[in-house]
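Summary of the model geometry
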Amino acid sequence: MTTSELATRLEKLDRKDPLRDFREQFFLPMDANGQEMVYLCGNSLGLQPRTVAPLLNQELDDWKSLGVEGHFHARRPWMPYHELLTAQMADVVGALPMEVVCMNSLTVNLHLMMVSFYRPTHQRNKILIERGAFPSDRYAVESQILHHGYDPANALLEIEPRSGEDYLRAADIEITIKDFGHELALVMLPGVQYYTGQVFDIERITRAARAAGCAIGWDLAHAVGNVPLKLHQSQADFAVWCNYKYMNAGPGAIGGCFVHERHAGNPEIPRFAGWWGHDKASRFSMPANFVPIASAEGWQLSNPPVLAMTPLLASLDIFAAAGMDRIREKSLRMGRILIEQLQQNFAGKVQIMTPQGDTQRGAQLSLRITHGGPHIQQALIDAGVICDWREPDGIRIAFAPLYNRYTEILRFLNILERILDHHG
Ligand SMILES: *Cc1c(COP(=O)(O)O)cnc(C)c1O
């Protein structure tokens, strides 16, 4: 296919794209000449929805005019503010509303979940993670092991890809779970691997963990808003995620947490408690005894940070209107075109780390750049493409279906080709 044939094909796809108009709902970063940049970093920080500022201003106005009365009389009363997020968030992750709560941030929620679901015993005290886990997850897991008086040298089990391979095979994870099953207290894996972009088979691995009698939790930082999820059906014990990546809820946005129905209403599950997790009917009579809300809300600690939650409210409306199915369909199609073009025209210069089957990748493609190193990423930015560089030799690019256009694939490829010719 010639460049002009590709251009025609991509223009047609843009014209017929059912998500085409969603781009107008976001602010696109501009270069020094006032041109919209090609933003391929939605896997790191999603763009700002245009509805965020007006919604935030309403909260600021209500605070200004109502003071404390805003807890009950704001346009969106602040007291139950977190409840406004629950139903739409639950839709995005395929959960029941009672299984989902938006609170804190990812790593905080991961700790809270491990307090409840990492209950090591002499027999069973190991946690299984992947060797290339995101550092924060590893720190969190390791510190939990130490906190319970165990030694990470024994209790932290890390699975890695076979030598010469970039990503884990589900069958190898299953075998590891089976082999160590009677010693494992918890399996904690990512829904989508942050570096390689690999999608994990949540249902299959969850089944293996539960068959081995261990708890299983998922870090969905790179999965939420990227790939369709069916958390309730998966039977996983818990999941945590952030909302500033594909969810576009702003830097350091409020995080999300899933506790499966079979635990969510169980007051016997040990936890770290705070007043916002206490039964709503008696919360303000300030009783001495903690009675947890019979849902994921029972893990809340503090009253909702309204100003931090508003951007997520704006973002969830966009996801509800667009629908995860349409988002996924466009994402897969964009990925297939990119893979095809990279294979045809960049062989020997760019190697695709991400698994290429539809079920094994999300929006992100991780590219190993054979020559040129970090200079390539800086050159890309200078040429109007925002993407990120990960040591030792990786560029991660993510076409976000809500605001990226098909024609930007060609813009990206043309710029990449020019830069590689220059630096390669
Ligand atoms: C982005 C990301 C985090 C970030 O954690 P915060 O607590 O939100 O700072 C954690 N884990 C993974 C896998 C991530 O991709």
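Cut-offs used in this document
Residues numbered from 1 in each chain as written. Predicted model: local features only at pLDDT ≥ 70, side-chain atom pairs only at ≥ 80, totals over all residues. Heavy atoms only, no water. Helix = DSSP H or I, 4+ residues; strand = E, 2+ residues; numbered from the N terminus. Rg over C-alpha atoms; globule rule 2.2 N^0.38 Å. Buried < 20%, exposed > 50% of the residue type's maximum accessible area, 1.4 Å probe, protein only. Contact = heavy atoms within 4.5 Å. Areas by Shrake-Rupley, 256 points an atom, 1.4 Å probe, with all protein chains shown as cover. Lys, Arg positive; Asp, Glu negative; His and termini not counted. Charge placed at Lys NZ, Arg CZ, Asp CG, Glu CD. Pairing = 2+ DSSP bridges. Axes fitted to C-alpha atoms, helices over the stretch in contact; angles between N-to-C directions. Core = buried A, V, L, I, M, F, W, Y, C linked by side-chain atoms within 4.5 Å. Domains from an automatic or database assignment. Buried area = accessible area lost by both parts, 1.4 Å probe. Salt bridge = Lys/Arg side-chain N within 4 Å of Asp/Glu carboxyl O. Nonpolar A, V, L, I, M, F, W, Y, C, P; charged D, E, K, R; others polar. Right-handed = clockwise from strand over helix to strand, strands pointing away. Phe/Tyr/Trp six-rings, centres within 6.5 Å; stacked < 30°, edge-to-face > 60°. Lys NZ or Arg CZ within 6 Å of the ring centre and 35° of its normal.

Section: the overall build of the protein
- Across its full length, the protein holds 15 helices and 13 strands.
- Its C-alpha atoms give the protein a radius of gyration of 23 Å, within 12% of the compact-globule value 22 Å for 424 residues.
- Taking the principal axes of its C-alpha atoms as reference, the protein extends roughly 70 × 60 × 35 Å.
- Counting over 424 residues, the protein shows a buried share of 55%.
- Within the protein, residue pairs in contact and separated by at least 24 positions form 70% of the contacts whose partners lie at least 6 positions apart.
- For the protein, the exposed surface amounts to about 18200 Å²; the carbon and sulfur share of it is 53%.
- Seen as two clouds, the 40 positive and the 47 negative side-chain charges of the protein have centres 3 Å apart.

Some details on the sheet that holds strand β12 (residues 388-390)
- The antiparallel open sheet is built from four strands, whose spatial order is β9-β10-β13-β12. Here the strands that pair on one side only, and so sit at the sheet edges, are β9 (350-352) and β12. Direction aside, neighbouring strands of the sheet carry axes that sit 35 degrees apart on average.
- With five bridges connecting them, strand β10 (residues 364-369) and strand β13 (residues 394-398) associate as antiparallel partners. Opposite Leu 365, over in β13, you have Ile 397 as the bridge partner.

Remarks on the sheet that holds strand β3 (residues 126-130)
- If you walk across this open sheet you meet the seven strands as β2-β8-β7-β6-β5-β3-β4, and the pairing is mixed. Across the chains shown, the open sheet's two edge strands, defined by having one partner strand only, are β2 (100-102) and β4 (156-159). Between one strand and the next, the sheet's axes are offset by a mean angle of 20 degrees, whatever the strand orientation.
- One ladder, built from three bridges, connects strand β6 (residues 215-219) with strand β7 (residues 238-241); its direction is parallel. Along β7, the bridge assignment pairs Gly 217 with Phe 238.

What about the nonpolar core?
- Counting residues in each nonpolar core, the largest one holds 67 residues, and the members touching the most others are Met 89, Ile 177, Val 187, Trp 218, Leu 220, Trp 241 and Leu 402.
- Among the elements that take part in this core, helix α12 (residues 306-322) stands out by supplying eight residues, more than any other.
- Those residues in contact with Val 187, other than ones at most four positions away along the chain, are Leu 128, Ile 177, Ala 209, Cys 214, Ala 215, Ile 216 and Gly 217.

Digging into the domain arrangement of the protein
- On domain assignment, one finds that the protein holds domain 1 (3-43 + 323-423), domain 2 (51-105 + 259-321) and domain 3 (122-241).
- For domain 1 versus domain 2, the separation of C-alpha centres amounts to 36 Å.
- Summed over both partners, the interface of domain 1 with domain 2 comes to about 570 Å²; 68% of that surface belongs to carbon and sulfur atoms.
- Here domain 1 and domain 2 share zero salt bridges between them.
- Classifying every residue of the side of domain 1 that touches domain 2 by side-chain character gives five nonpolar, two polar and one charged.

Brief notes about the environment of Leu 410
- Topologically, Leu 410 is positioned in helix α15 (residues 407-423).
- Once the C-alpha coordinates of Leu 410 and Ala 7 are considered, the two residues, 403 residues apart in sequence, prove to be 6.9 Å apart.

A few points about the pairing of β6
- Here β6 lies mainly inside the structure; five of its five residues are buried.
- For strand β5 (residues 184-190) and β6, the ladder comprises five bridges, and the chain directions are parallel. Counterpart to Val 187 in the pairing with β6 is Ile 216.
- With helix α9 (residues 202-211) bridging β5 and its parallel neighbour β6, the resulting β-α-β unit is right-handed.

A word on the packing of aromatic side chains
- A complete count under the given rule lists ten aromatic pairs for this structure.
- Measuring from ring centre to ring centre gives 4.7 Å for Trp 275 and Trp 276, while their planes differ by 70 degrees; the resulting arrangement is edge-to-face.
- The exposure class assigned to Trp 276 is buried, which follows from its relative accessible area of 2%.
- We note Arg 50 situated over the ring of Phe 27; from NZ or CZ to the ring centre the distance is 4.3 Å.

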